[in-house]
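Chain by chain, the residues:
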Amino acid sequence: MSTATTTTSAHAPSVGTGHTRVEGRDKVTGAARYAAEVPFAGLAHGWMVLSTIARGRIRSLDTEPVLAMPGVLAVLDHRNALHLKTDYAGLLGLRPDPTCAVFQHDRVPHLGWPVALVVAETPEQAREAAEALVVHYEQEPHDVELTGDHPDARPVDGHMPAVTEKGDLDAELASSAFVVDAEYTTPEEHHNPMEPHAATARWEDGRLELTDSNQGVTWVAGELQNLFSLDPASVRVRSEHVGGGFGSKGVRAHQVAAVMAATILRRPVRVALTRRQMFTLAGHRSPTVQRVRLGADADGRLRALEHHSVSHTSTVYEFVEPSAGVARVMYDADAHHTANHAVPLDVPSPTWMRAPGEAPGSFALEAALDELAEKCGIDPIELRLRNEPETGPVSGLPFPGRNLAGCFREGARRFGWADRDSRPGVRREGRWLLGTGTAAASFPAGAAPSTATATAHPDGTFTIRISAADIGTGARTALALIAADALQVSPERIRVRIGDSDFGPAMIAGGSMGTRSWSWAVKAAAGELRERLALGADIPAQGLTVRSDTTEAVKALGPAERHSYGAQFAEVAVDVGTGEVRVRRMLGVFAAGRIVNPLTARNQLLGGMVWGISMALHEEAARDRASGGLVGADLAGYHVATHADVPRIEVGWIEETDPDDPVGIKGIGEVGVVGAAAAVANAVWHATGVRHRSLPIRPDRVLAAAAGASHA
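Note on numbering: residues in each chain are counted from 1, in written sequence order. In view of the model being predicted, local features appear only for residues whose pLDDT reaches at least 70, and side-chain atom pairs are presented and counted only at 80 or more, with totals across whole chains, interfaces and linings using the full set of residues. Only heavy atoms go into the side-chain values, all of them from the structure, while hydrogens and water stay out.

J.: Would you take a moment to explain the sheet that holds strand 4 (residues 107-108) for this structure?
T.: Strand pairing in a sheet relies on backbone hydrogen bonds. The paired strands run either parallel or antiparallel. What makes two strands pair is DSSP finding at least two bridges between them. Put simply, DSSP marks the helices as runs of H or I at least four residues long and the strands as runs of E at least two long, and each gets a number from the N terminus on. As summarised here, the arrangement of the three strands in space is 4-2-6, forming an open sheet in which the pairing is antiparallel. Sheet topology places strand 4 and strand 6 (134-139) at the edges, where each strand pairs with a single neighbour. Note that strand 2 (residues 56-62) and strand 4 share two bridges and pair antiparallel. Its bridge partner lying in strand 4, Gly56 is registered against Val108.

In structure tokens, the structure reads:
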């Protein structure tokens, strides 16, 4: 046994200083293995067979010829699949998406529904056999078109109440000096992380092990336990390296199919999705139709605010894109009404996608605020500052650390907002019309219970174990810095192990709550370990380990409207002759609590703002009404912002503290995308004098708007 002293008088804080990713070398050299790269002896490969109709039932499958093909081991479908349990409460108490419960019936609720899994010795054999499988259907009429007045639209709660109301909306609108009443639309969008989805399932010594690419091993392990009615101790999920997720890498059909096949064949089975399959099986952001009505008095103060959003969902699972939720935090009014509705259509189930609700909702709300500012003759920033609420507009809870005003002031200074000519369509540079725009951003800063362990080793190093997920955010590095400061040692003495459900329950990488939740648990475990060592505790050969559980601490955190905030600024150039829109520069200034690692924090915020450009000008999944499927369901047909589309982007942050928060960290993974599309759209109006209320702002829409303006 030995003892170790962890503190030194020369210890400099690690949190707040820039550190490169601790796993960076492994990633760039290829030493880091992703889910589809981990080798297994005797590995078989599964290939998903997806429906070619949008609604109906499976009449029969011609499996015999496929089973006779070289290397084919099995064909799983609704006739021979394992029975799955679906009547349980999943993550956050939500009902699990039945899309995950593959091969349980003969119904087809949308194009691309999983109807079979072909398993073979090689992926090439599995793919060839899957493409040869003939499936006979009874086809029924389908509906895939979302409209704002769809008769089947209904309020859906999701993770927030569907409807909130206070005050007399009609009366306040009638007595307002200025009114905005407009409809805004956003299209269907898809995640497309750099690493496609893949999972390998195997049984060993009576225990199921899934090697996966996911955003939370605790989440996936829990769902598999429930679906297959397994003892919790008999399931292990590992997800060491993840190449992006954005909300899509939860529990999906391919994981369940892999487990089912491995259980039947009693050998490891891997199911990896193609990019095209991901457009059906990985979820998406629903299109939205949003109506915003604002009423203000003569000095621009809101008297009425209505934000009503309609999105689509599948016929098998009720998921709502809560776009109206952003208004419940940002601005107050005497009459304040918000509502989130969903329409069940014959489409795949939508799911969480980076800033769910806030991204499309902020486009509508912040564009409407810009329209109101124009009508009032008030600077857009000043209008927002005049409508800063004192407490939550719906909740009535306090705003600890709300410094949106500081973001706008600092952003305006850095962007040169004071030099802006407020008149639209007057600034020109050759064939380009130039304009600038701004918008506000917010995203909840929540925390969830997590567990972690901290181990001191005789050689003076430390190991942190937590079931966290690093989906590209730099979470490993952030947790190493948190642990180093709690132990008062250099980060080089810290090893962080993540992505293993055997480490105990922990929050997923989602809702911008991951690093905040995990840091709390790591800080608690490392802090207690340091105290024991300071008291002279012996370190045995296997190490001295302390375990933390933040369940009670998180419960004790007082209720409040905790959010990250930001102010987005954009300058665009528009050629009304070609319809081309170019974003020339962007600036985002954020108030997001304690910044753990400025290097990766900047990376996250920049990434969100790039996504905002993509949302404003490029991303749009077009669904064919005749077939019910997507047109161009690949990265050739689905346009995203590329290097040529990304201008000079600057990111900054201002100090913000919450005296009641022991962690002080707020999420930054999603707030960067919120408001970015609205800032671009508002800049396009300023450049051209024409409002675009539908995203993306395509060249054909710019040309049509210019033609309409010339005829007016």
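J.: Whenever I open this one, unusual backbone geometry confuses me. Can you help?
T.: Excluding glycine, residues mostly carry a negative phi; peptide bonds, for their part, are mostly trans. Look at the link from Leu695 to Pro696: it is a cis peptide, with omega at -5 degrees. Looking at the secondary structure, you find Pro696 in the loop between helix 16 (676-688) and helix 17 (699-711). Of note in this structure, Phe246 is not a glycine but carries a positive phi near 60 degrees. Examined against the element boundaries, Phe246 turns out to sit in the loop between strand 12 (235-238) and helix 6 (253-265). A positive phi is found at Ala355, a non-glycine position, where the angle reads about 60 degrees. Checked against the element boundaries, Ala355 lands in the loop between strand 16 (335-345) and helix 9 (358-376). Here the term buried applies to any residue with accessible area under 20% of the maximum for its type, exposed to any over 50%, and partly exposed to those in between, with areas from a 1.4 Å probe on protein chains only. When its relative accessible area of 0% is taken as the criterion, Ala355 is described as buried.

J.: Help me understand helix 3 (residues 123-132), please; the structure alone is not making it clear to me.
T.: Each α-helix turn comprises 3.6 residues. Residues three or four places apart therefore point the same way. Here helix 3 has its buried residues at Ala126, Ala129 and Ala130. Angularly, the buried residues of helix 3 cover 100 degrees about the axis, an arc narrow enough to put them on a single face. Those residues of helix 3 that are exposed and aimed more than 90 degrees away from the buried face are Glu124, Glu128 and Glu131. Residues count as neighbours in contact if any of their non-hydrogen atoms are within 4.5 Å of one another. Residues of helix 3 that are buried make contact with strand 1 (44-50), helix 2 (64-67), strand 3 (72-76) and strand 5 (114-120). The arc under discussion is defined with respect to the helix axis, by the directions toward the C-beta atoms.

J.: Looking at this structure, I do not really get the nonpolar core. What am I missing?
T.: A general feature of soluble globular proteins is that nonpolar side chains tend to end up buried together. What we call a nonpolar core is a set of buried Ala, Val, Leu, Ile, Met, Phe, Trp, Tyr and Cys residues that are connected through their side-chain atoms within 4.5 Å. Counting residues in hydrophobic clusters, the biggest one holds 86 residues, and the most contacted among them are Leu117, Leu224, Val256, Ile466, Ile494, Trp518 and Leu529. It is helix 12 (residues 475-487) that provides the largest number of residues to this core, a total of 10 residues. With near-sequence residues (within four places) excluded, Ile466 lies in contact with Thr451, Ala452, Leu479, Arg497, Ile498, Gly499, Phe503, Ala506, Trp518, Ala521 and Val522. Counting 84 residues, the second-largest nonpolar core is a separate cluster that includes Ala359, Ala367, Leu606 and Val673.

J.: What is the right way to read the sheet that holds strand 23 (residues 563-575) from this model?
T.: Reading across the sheet, the five strands line up as 17-18-23-24-27 and stay open at both edges, with mixed pairing between neighbours. Where the open sheet ends on each side, the last strands, each with one partner, are strand 17 (428-429) and strand 27 (648-653). Of the strand pairs in this sheet, strand 18 (residues 432-444) and strand 23 are connected by 12 bridges, and their pairing is antiparallel. In the sheet register, Thr438 faces strand 23, and the bridge partner there is Phe569. Axis geometry follows a simple rule: fit a line to the C-alpha atoms, using only the stretch in contact for helices, then measure angles between N-to-C directions, giving values from 0 to 180 degrees. Lying over the sheet, helix 15 (residues 598-617) contacts strand 23, strand 24 (580-591) and strand 27, oriented at roughly 130 degrees with respect to strand 27.

J.: What is the right way to read the packing of helix 15 against helix 16 from this model?
T.: A packed helix pair is summarised by two numbers, namely the angle formed by the two axes and the spacing between the axes. It is at 7 Å that the axes of helix 15 and helix 16 come closest, and there the two elements cross at 50 degrees. One element, helix 15, and the other, helix 16, form an angle in the oblique class. Taken as a pair, helix 15 and helix 16 cross one another with a handedness that is right-handed. Between helix 15, through Met609, Gly612, Met615, Ala616 and Leu617, and helix 16, the contact on the second element is made entirely by Ala676, Ala677 and Val680. A per-class count over the contact of helix 15 with helix 16 returns seven nonpolar, one polar and no charged. In this scheme, roughly parallel covers angles under 35 degrees and roughly antiparallel covers those over 145, while 65 to 115 is roughly perpendicular and the rest are oblique. By convention, the crossing between two helices is left-handed when the near helix turns anticlockwise from the far helix through less than a right angle, and right-handed when the turn is clockwise. Gly is put with the polar residues, along with every residue not named as nonpolar or charged; the nonpolar set is Ala, Val, Leu, Ile, Met, Phe, Trp, Tyr, Cys and Pro, and the charged set is Asp, Glu, Lys and Arg.

J.: Would you take a moment to explain the environment of Gly392 for this structure?
T.: Mapped onto the elements, Gly392 comes out in the loop between helix 10 (380-386) and helix 11 (404-415). Distance from Gly392 to Tyr331, taken between C-alpha atoms, is 8.5 Å for residues 61 residues apart in sequence. Not counting residues up to four positions away in its chain, the partners in contact with Gly392 are Leu397, Phe399 and Glu561.

J.: Can you walk me through the pairing of strand 23 in this structure?
T.: Looking down a regular strand, the side chains alternate between one sheet face and the other. Most of strand 23 is tucked away, with 13 of its 13 residues classed as buried. Where burial is concerned, the two faces of strand 23 agree: the one with His563, Tyr565, Ala567, Phe569, Glu571, Ala573 and Asp575 and the one with Ser564, Gly566, Gln568, Ala570, Val572 and Val574 are both buried. Taken together, the 11 bridges between strand 23 and strand 24 define a ladder with antiparallel strand orientation. Looking across to strand 24, one finds that Phe569 is bridged to Leu587.

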